[in-house]
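A closer look at the structure
Now for the letters of each chain:
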Amino acid sequence: MPQNLQLAITAFGGPETLKLQHTDIPEPQDGQVLIKVAFAGVNPVDAKTRAGLGWGAEKIKDILPWVPGFDVAGVVVQDSTRFKAGDRVAGRIVEGGGYGQYLCASADVLSRIPDGVSFEAAASLPVAGLTAWQALELAELKAGEKVLILAGAGGVGHFAIQLAKAQGASVYASCSAANIDFVNGLGATALDYAVSPLEAQVNDVDVLIDLVGGDVGEAALKSVAKNGRVVTVPTITADRIIAAAKPLGIDVKGMLVVPKPEQMDTLLTLVQEGKVRVEIAKTYPLEDGVQAHVDIQTGRTRGKLLLEMPE
Ligand SMILES: NC(=O)c1ccc[n+]([C@@H]2O[C@H](COP(=O)([O-])OP(=O)(O)OC[C@H]3O[C@@H](n4cnc5c(N)ncnc54)[C@H](OP(=O)(O)O)[C@@H]3O)[C@@H](O)[C@H]2O)c1
C-alpha cells in the first residue's frame with residue numbers, strides 16, 4: 001500500500017510548525033468517499049488556526065498534530081453510492097485534511113468537476129467561492145444596488161466582485177495600486193485605499209462586504225447608507241464591527257461559510273462557461289507548504305494559493 005504524505009500543524013506557532021508526516025491511507029466510513037487529492041486550497045484561516053487563533057484553533061487544540069486544508073479537488077479512488085472510481089470531485093471539507101495525498105470526505109459535500117474545469121480552478125472555489133456567494137446572499141444584494149467589497153483582489157473578493165456584477169449590482173472594491181487593473185478587469189470600480197479614505201471615494205452604499213475586518217472594516221462603515229446592510233466576514237473581529245455599527249443604525253451580520261454542493265455546482269458551471277474567472281497567484285508543492293503559509297499571512301495574495309500533492 002502506498003503511504004499517505006500529509007503536512008500537519010504539529011503545535012501552535014509560526015509556519016515552521018508545519019511538518020510532513022506519513023500515515024496510512026484512510027478507510028472510508030459509511031457515506032464517505034476516498035479521494036486522491038490533486039490540489040488543496042490555502043486559506044487565511046489555515047494560517048490563523050496554525051497560529052492558535054480563532055474558532056479553528058479552539059476546535060483542534062486537543063488533537064494536534066492536525067492536517068489543515070478545507071478545499072480539495074481530486075479523484076475518487078473507490079466506487080461508492082454516489083461516485084465511481086475515477087470521478088473528478090471537489091468540495092469544502094469541514095473537518096480539514098486537504099493538505100495530504102488521500103482524504104476521506106462525506107459524499108454529501110462533494111461536487112463533480114465538469115469537463116474543461118481544471119483541478120486547480122476547482123480547488124480554488126470551495127471556501128473562497130462559497131464565502132463570496134453566501135456573503136452576498138446574507139446581505140440580500142439586489143440588482144441595481146451599490147455594493148462595496150473590501151479586499152477585492154483576494155481569494156474571496158475576486159469571486160465576490162464577479163458574482164455581484166452578475167447579479168446586476170454596481171460594484172466598488174478596495175485594493176492597493178498594484179491591483180487596480182486586476183480589480184477593474186473583474187468588473188468593479190477599483191478604489192485605491194492608499195489614495196484617500198474610502199468614504200471620500202464612495203458613499204451611500206447599500207451593501208458592504210467586509211473581507212478585512214478590524215480598523216479597516218470599522219472605517220468602511222462610513223461609506224454605508226443609513227439603512228445599508230453589512231456582512232463582516234473575518235470572524236475574529238466580527239463582534240467589534242457589529243458593536244461599532246449599532247449606534248450608526250447599520251445592520252451588520254457575521255458569517256461562517258458552510259458546504260453547499262449545489263452552490264459549488266453552480267460555481268463550477270460558471271467557471272466552465274467562462275463566466276467566472278479563477279485567479280491563482282501561485283501553486284506550491286505540498287513540501288513547500290511552509291512557504292505558502294508565509295505568503296498567505298502577508299495578506300497580499302492576489303486570488304488564490306494552492307498546494308499540489310505529490311504523485
Ligand atoms: N467567516 C468565514 O467563513 C470566512 C471564509 C473565508 C474567509 N474568511 C476571512 O475573510 C478574509 C478574506 O479572506 P481571503 O481568502 O479573501 O483573504 P486573502 O486572499 O488573503 O486576501 C488578500 C487580499 O487582501 C487585500 N487587502 C489586504 N489589506 C487590505 C486593505 N486594507 N484594504 C483592501 N484590501 C486589502 C490584498 O489586496 P492588496 O494587496 O491590493 O491590498 C489581497 O489581495 C480573511 O480574514 C479570511 O480569514 C472568513
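For the structure itself, consult the block above.
Residues numbered from 1 in each chain as written. Predicted model: local features only at pLDDT ≥ 70, side-chain atom pairs only at ≥ 80, totals over all residues. Heavy atoms only, no water.

1. Concerning the overall build of the protein
Helix and strand content of the protein: ten helices and 15 strands. On C-alpha atoms alone, the protein measures out to a radius of gyration of 19 Å, which is about the 19 Å that the 2.2 N^0.38 rule sets for 311 residues. When the backbone C-alpha atoms are referred to their principal axes, the protein occupies close to 60 × 40 × 35 Å. Every one of the 311 residues in the protein was classed for burial, and the buried ones make up 54%. Looking at the protein alone, contacts between residues at least 24 apart form 67% of all its contacts between residues at least 6 apart. Carbon and sulfur atoms make up 52% of the accessible area of the protein, which amounts to about 13,200 Å² in all. Across the protein, 27 positive and 36 negative side-chain charges occur, with their mean positions spaced 5 Å apart. (Helix = DSSP H or I, 4+ residues; strand = E, 2+ residues; numbered from the N terminus. Rg over C-alpha atoms; globule rule 2.2 N^0.38 Å. Buried < 20%, exposed > 50% of the residue type's maximum accessible area, 1.4 Å probe, protein only. Contact = heavy atoms within 4.5 Å. Areas by Shrake-Rupley, 256 points an atom, 1.4 Å probe, with all protein chains shown as cover. Lys, Arg positive; Asp, Glu negative; His and termini not counted. Charge placed at Lys NZ, Arg CZ, Asp CG, Glu CD.)

2. Some points on the environment of Thr131
Inspection of the secondary structure puts Thr131 in helix H4 (residues 126-138). Judged by relative accessible area, which is 5%, Thr131 ranks as buried. Ignoring sequence-local partners within four residues, the contact set of Thr131 consists of Pro126, Val156, Val233, Met255 and Val257. Within the local environment of Thr131, its side chain forms a polar contact with the backbone oxygen of Val127, the two atoms lying 2.5 Å apart. (Polar contact = N/O pair within 3.5 Å; in protein donor to acceptor, adjacent residues only side chain to side chain.)

3. Topic: the site of the ligand
Not every one of the 27 residues close to the ligand is listed here, only the nearest: Lys48, Ser176, Tyr193, Val257 and Thr301. Here an oxygen atom of the ligand and a side-chain polar atom of Arg300 are 2.7 Å apart. In the environment of the ligand, an oxygen atom lies 2.6 Å from a nitrogen or oxygen atom belonging to the backbone of Thr301. Isolated, the ligand exposes 930 Å² of accessible area, and the fraction of that covered by the protein chains is 89%. Within the residue set of the shell around the ligand, elements represented by two or more residues are helix H1 (44-50), H4, helix H5 (155-166) and strand S9 (170-175). When its residues are assigned to classes, the shell around the ligand shows 15 nonpolar, ten polar and two charged. (Near = heavy atom within 4 Å. Nonpolar A, V, L, I, M, F, W, Y, C, P; charged D, E, K, R; others polar.)

4. A word on the packing of H4 against helix H9 (residues 261-272)
Running from amino to carboxyl end, H4 crosses H9 at an angle of 105°, the nearest separation of the two axes being 10 Å. As far as their axial angle goes, H9 and H4 are roughly perpendicular. Across from Pro126, Gly129, Leu130, Trp133, Gln134 and Glu137 in H4, the residues of H9 making contact are Gln263, Met264, Thr266 and Leu267. (Axes fitted to C-alpha atoms, helices over the stretch in contact; angles between N-to-C directions. Parallel < 35°, antiparallel > 145°, perpendicular 65-115°, else oblique.)

5. Considerations on the layout of surface pockets
For the second largest pocket, the calculated volume is near 170 Å³. Taken together, Asn4, Gln6, Pro26, Gln32, Val67, Ile93, Glu95, Gly96, Gly97, Tyr102, Leu103 and Cys104 make up the full set of residues lining the second largest pocket. For the lining of the second largest pocket, the secondary-structure elements that each account for two or more residues are strand S1 (4-9) and strand S6 (102-106). At three residues, S6 tops the list of elements feeding residues into the lining of the second largest pocket. Counted by class, the lining of the second largest pocket contains six nonpolar, five polar and one charged residues. (1 Å grid on protein atoms, 1.4 Å probe; cavity = no way out; pocket = protein on both sides within 12 Å on 5 of 7 lines; lining within 4 Å. Points joined across faces, edges and corners; volume = space filled by probe spheres on them.)

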